[in-house]
Amino acid sequence: MKRLVCSTLALVASVFATAQDIQSKIQFEAPFKFPLFIAGNFGEPRPNHMHAGLDFKTQGVEGKELYCVADGYISRITIGLFGFGNALYVTHPNGYTSVYCHLQKFAPEIAKFVKKYCIQHELDMVDIKLGPREIRVKQGELIAYSGNTGASHGPHLHFELHNTATDELVDPLPYFKHLLQDTIPPHGNEIMFYPQRGEGVINGLTTKQRYKVKGGIRGVVRDTINAWGKIGVGIYGEDMMNKTFNHYGIYSIKLFVDGIQRFESHLDKFYPIEHRMVNSWGDYDVFRKSRIWFLKSFAAPGNSLQMLNLDKNRGVIDINEERIYKFKYILEDHYGNRGTVEFNVVGKKSPIPEYQVPNVRHFLHWNRTNVVQEPGMELAIPRGLLYDDAPLNVQTIVSPKGISNTYRLHDDVFPLNTWATIMIAVRNPLPVETRCYYVAMKTATGWRYMGGRYNSDNGWVSGRVRDLGATYTVQVDTIGPRFNPIAKKNWSRLGVVKYVISDKESGLQHYKCKIDGKFALFTNKRGVLTCHLEDVDIQRNIKHRLEFVATDNCGNKTVDVQEFVY
Ligand SMILES: [Zn+2]
């Protein structure tokens, strides 16, 4: 019996050792052979998302040889998805998947595979998922060339690490930090004070107030700040690294009040569904006006961002004694460089005005499903999409000849965590097929397609909304995509066919081109579609017939036919 216990313990101990070994054994090699610098770090706040990886600089140019960071297999190849341009996913046995984005092109073997796949499946945009046996890669193997494809403003490698099992986005920096240099501490620039609605005041006021930090990495706010009741604070700060001029998000922010930690954020990992919570953690309102992010050291009840460590008051500080409260921020990067910001808040009794619900049509509750109804419109917001309770104004604009009413949902920006459903009634039906109706959101340049499902039972069209501070209506699209062949006189000589295809109304949904009945593969570079004729399996030196078919989001189809010699 004794022996059995011993061996069980030994077994438990060995299981532990293995798990730890795996953690410490994870090693990634640099993706490039030149010195590494980053232009952006993990978790940096951006509008509607947080930066999900590291941006490695590529010496200002495209076409740098890119090497796989560890052994594994190519598990996904995407072209033109998520703004990633050309992207590769490599799954490693260590539990992580590395993702390489904005690539100029894939390594020859992978490029050949992709081209074959596209032609075989007659697809121009691809999202290829692969198993462990198809394309194996070794650490240090050339897998691609860096570039600037997709939503990229200048050549760089956007590099992500995903937890393969959970899909969590993970900060890659701990695995590459020995290859980078950082001796510069983060610092605070400004502090924002947030009186809690109906529960606190700052200097006798219910509005948020902003103070400059002086003194750099040993920062202080010298002004006298009086407060009473419940308040929150937020900080606008930044971090830098050696030999670059970039500004980075601060890895760790801790707030202490009278020596007790009340809040901590650590940019180490998050789930994709948490992306838009940055609109609640950060002060989105200030960001829109001045392009800087104050990050709050308290959290709205519906903000469940796992990168925040909160106490039972969710970071809200109760100033309920007439004394000095000592506030201290500690800002830290991955290298242990530390900056601080200190300031005092003076507790001073003052009246706290009761929160007056604005005179608007609706009030939304963060912890339930909200259904907002107006004549001819219904907005359904499932639970989990709001960060806090909020008033919602809806303005109905009736145009007697319009297809539907137009609805202004709230006067100010109001981001939701993910998509809600909006349904709008068609008031004046047009002599068109019902598939032509769609929900449209007003933008600076026109109307944007937001989905279009016509319900013939009630004559309503449903679409989706993620931003309530916007205007929605029903539009129709009966016009198919427009073709614009580019410099056709050069097609024969250069052996290259170029097109721009656009759809101003509901937007381009799909296209396919065939030359002499054979699939012709087009690559999309910033809206210009290009086909190299040598890749199409056609006879040479004869007249060819090209047939391009394109469909928009409402199902309108256009066909363009051209003849040329090649
Ligand atoms: Zn990036």
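Here is a short report on the structure shown in this document. (Residues numbered from 1 in each chain as written. Predicted model: local features only at pLDDT ≥ 70, side-chain atom pairs only at ≥ 80, totals over all residues. Heavy atoms only, no water.)

### Some thoughts on the overall build of the protein chain
A count of helices and strands for the protein chain gives 6 helices and 46 strands. Along the longest, intermediate and shortest principal axes, the C-alpha atoms of the protein chain span 90 × 75 × 60 Å. The 566 residues of the protein chain split such that 49% are buried. Relative to all contacts within the protein chain whose residues are 6 or more apart in sequence, the contacts with residues 24 or more apart total 67%. Of the roughly 27800 Å² that the protein chain leaves accessible, carbon and sulfur atoms contribute 52%. (Helix = DSSP H or I, 4+ residues; strand = E, 2+ residues; numbered from the N terminus. Buried < 20%, exposed > 50% of the residue type's maximum accessible area, 1.4 Å probe, protein only. Contact = heavy atoms within 4.5 Å. Areas by Shrake-Rupley, 256 points an atom, 1.4 Å probe, with all protein chains shown as cover.)

### What about the coordination of the zinc ion?
The protein atoms that coordinate the zinc ion are H51 (NE2), D55 (OD) and H158 (ND1), at distances of 1.9 to 2.1 Å. Taken in chain order, the donor set of the zinc ion reads H-x3-D-x102-H. With H51 in the loop between β3 (49-50) and β4 (54-57) and H158 in strand β13 (residues 156-163), the pair connects residues that are 107 residues apart, well separated along the chain. Across this residue pair, the class does not change: H51 and H158 are buried. (Donors = N, O, S within 2.8 Å, 3.2 Å for Na, K, Ca; no water.)

### Remarks on the sheet that holds strand β29 (residues 377-381)
Spatially, 5 strands are ordered β28-β29-β33-β37-β36 in an open sheet, and the strand pairing comes out antiparallel. Edge positions in the sheet fall to β28 (370-374) and β36 (453-455), since each of these pairs with one other strand and no more. Strand-to-strand twist across the sheet, computed as the mean angle between neighbouring axes with direction ignored, equals 25°. With 7 bridges joining them, strand β33 (residues 415-425) and strand β37 (residues 460-467) adopt antiparallel strand pairing. Among the inter-strand pairings, T421 is bridged to a residue of β37, identified as R464. (Pairing = 2+ DSSP bridges. Axes fitted to C-alpha atoms, helices over the stretch in contact; angles between N-to-C directions.)

### Quick word on the packing of aromatic side chains
For the structure shown, the criterion picks out 30 aromatic pairs. Ring centres 5.9 Å apart and planes at 80° place the aromatic pair F483 and Y499 in the edge-to-face group. One end of the pair, F483, is in strand β39 (residues 482-486); the other, Y499, is in strand β40 (residues 496-502), and 16 residues separate them in sequence. In this pair, the class of F483 matches that of Y499, namely buried. Taken together, a centroid distance of 5.7 Å and an interplanar angle of 90° make the contact between W491 and F564 edge-to-face. You can see W491 sitting in helix α6 (residues 491-494) and its partner F564 sitting in strand β46 (residues 557-565), a full 73 residues away along the chain. (Phe/Tyr/Trp six-rings, centres within 6.5 Å; stacked < 30°, edge-to-face > 60°.)

### Overview of the pairing of β4
Judged from the 2 bridges that link them, strand β1 (residues 38-40) and β4 form a sheet pairing that is antiparallel. By the bridge assignment, G40 is partnered in β4 with D55. When β4 meets β13, the two strands line up antiparallel, connected through 4 bridges. Bridge pairing in β13 places L54 opposite F159.

### As for the sheet that holds strand β43 (residues 523-525)
Note on sheets: strands pair through backbone hydrogen bonds, and any given pair is parallel or antiparallel. If you walk across this open sheet you meet the 4 strands as β39-β40-β44-β43, and the pairing is antiparallel. At either end of the open sheet lies a strand with only one pairing partner, and these are β39 and β43. Averaged over all neighbouring strand pairs, the angle between strand axes comes to 30°, with direction disregarded. Pairing of β43 with strand β44 (residues 528-532), which is carried by 3 bridges, proceeds in the antiparallel orientation. Bridge pairing links K525 to V528 in β44.

### So, the environment of L546
On the secondary structure map, L546 appears in strand β45 (residues 543-552). Residues L546 and S280, 266 residues apart in the sequence, show an inter-C-alpha distance of 51 Å. Apart from the residues lying within four places of it in its own chain, the contact partners of L546 are W491, V497, Y499, C513, K514, I515, D560, V561, Q562 and F564.

### Observations concerning the nonpolar core
In this structure, F28, F56, I77, L88, Y100, I110 and I143 are the most contacted members of the largest nonpolar core, which totals 44 residues. For this core, the secondary-structure elements that each account for two or more residues are β4, β6 (72-79), β7 (86-91), β8 (96-103), α2 (108-121), β12 (142-145), β13 and α3 (173-176). Filtering out sequence-adjacent residues up to four positions away, F28 remains in contact with V69, A70, H92, N94, Y96, Q139, L161, Y175 and F176. Residues A52, I202, F327 and L331 belong to the second largest nonpolar core, which totals 43 residues. (Core = buried A, V, L, I, M, F, W, Y, C linked by side-chain atoms within 4.5 Å.)

### Thoughts on unusual backbone geometry
Backbone geometry places R314, a non-glycine residue, at a positive phi of 55°. Position of R314 among the secondary structure elements: in the loop between β23 (308-310) and β24 (317-319). The partly exposed category is assigned to R314, whose relative accessible area is 27%. Positive phi, close to 70°, is recorded for H410, a residue that is not glycine. In this structure, H410 sits in the loop between β32 (406-409) and β33.

### Focus on the side chain of H51
Residue classification places H51 among the buried residues on the basis of a relative accessible area of 3%. Non-local contacts of H51, meaning those with residues more than four positions away in its chain, are made with G40, N41, F42, G43, E44, R46, H158 and F270.

### With respect to the pattern of salt bridges
Summed over the entire model, instances satisfying the criterion amount to 25 salt bridges. Note that E122 and K514 form a salt bridge whose closest N and O atoms lie 3.3 Å from each other. Within this pair, whereas E122 is found in the loop between α2 and β10 (127-129), its partner K514 is found in strand β41 (residues 508-515), the two being separated by 392 residues in sequence. Its relative accessible area of 23% is what places E122 among the partly exposed residues. Here R482 makes a salt bridge to E505, at a shortest N to O gap of 2.7 Å. Highlighted residues: R482 in strand β39 and E505 in the loop between β40 and β41, separated in sequence by 23 residues. Judged by its relative accessible area of 30%, R482 falls in the partly exposed class. (Salt bridge = Lys/Arg side-chain N within 4 Å of Asp/Glu carboxyl O.)

### Observations concerning the environment of H266
In this fold, H266 is placed in strand β20 (residues 260-266). Overall, the relative accessible area of 14% leaves H266 in the buried class. Counting along the chain gives 43 residues from H266 to N309, while the straight-line C-alpha distance between them is 8.3 Å. If we skip the residues at most four places from it in the chain, H266 touches Y251, S252, Q306, M307 and N309.

### Here's the deal with α2
The first and last C-alpha atoms of α2 sit 20 Å apart over 14 residues, in line with the 20 Å expected at 1.5 Å per residue. Looking at the buried positions of α2, the neighbouring elements they touch are β6, β7, β9 (105-106), β12 and β42 (518-520). Looking one or two places after α2, you find E122, whose phi comes out positive at around 55°. (Expected span 1.5 Å × (residues − 1).)

Nothing here speaks to function; it is all geometry.
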